[in-house]
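Single-letter residue listing:
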Amino acid sequence: MSEHQQIIYDTLRRVAEEEGLQIGAISDSSALIDSLGFRSLHIARILAILEIQFSYDPFASGDVPITGLRTVGDLCAAYER
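The numbers attached to residues start from 1 for each chain and follow its sequence in the written order. Residues qualify for local features only when their pLDDT is at least 70, as the model is predicted, and side-chain atom pairs are given and counted only at 80 or more; totals for whole chains, interfaces and linings, by contrast, use all residues. As a rule here, side-chain values cover all heavy atoms of the structure and leave hydrogens and water aside.

(A) Broad picture of the packing of aromatic side chains. Only the six-membered ring of Trp is used, alongside the rings of Phe and Tyr, when aromatic pairs are assigned; centres must lie within 6.5 Å, and planes under 30 degrees apart are stacked while those over 60 apart are edge-to-face, with the rest tilted. Counting across every chain of the model gives three aromatic pairs. With a centroid separation of 5.1 Å and 35° between ring planes, the pair formed by F54 and Y79 is classed as tilted. Of this pair, F54 sits in helix α2 (residues 40-54) while Y79 sits in helix α3 (residues 72-79), and the two are 25 residues apart along the sequence. Like Y79, F54 is buried. Here the aromatic residues F54, Y56, F59 and Y79 are joined through ring pairs into a cluster of three or more. Segments assigned H or I by DSSP are reported as helices when at least four residues long, segments assigned E as strands when at least two residues long, and all are numbered from the N terminus. Each residue is placed in one exposure class: buried if its accessible area under a 1.4 Å probe, protein chains only, is under 20% of its type's maximum, exposed if it is over 50%, and partly exposed if it falls in between.

Next up, the structure:
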């Protein structure tokens, strides 16, 4: 697992715990909404935390469409570009 992936997975676990969500195991194929139970507000919070962690917003330039963000793997790929 890359360092970026580890930070993203840890962030997902942290937000889930703080929000009282039981997310179970996380994999790149886990759907953020359908499998893990995150809602739009949770995802916005996750993205804000990751922007601070990485000092980078991959969605700001428009190169990565936020509408394509469906799985944990999509999220990891956005930050590994």
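(B) Molecular detail of the nonpolar core. With 24 residues, the main nonpolar core has I8, L12, L32, F38, V72, L75 and Y79 as its most contacted residues. Mapped by element, the contributors of at least two residues to this core are α1 (3-19), α2 and α3. With six residues, α2 is the largest single contributor of residues to this core. Two residues qualify as a contact provided that any one of their heavy atoms is within 4.5 Å of a heavy atom in the partner residue. If we ignore the near neighbours within four places in the chain, the residues touching L12 are I23, I26, L32, F38, I46, V72 and L75. Remark: nonpolar core denotes a set of buried residues (Ala, Val, Leu, Ile, Met, Phe, Trp, Tyr, Cys) joined through side-chain atoms within 4.5 Å.

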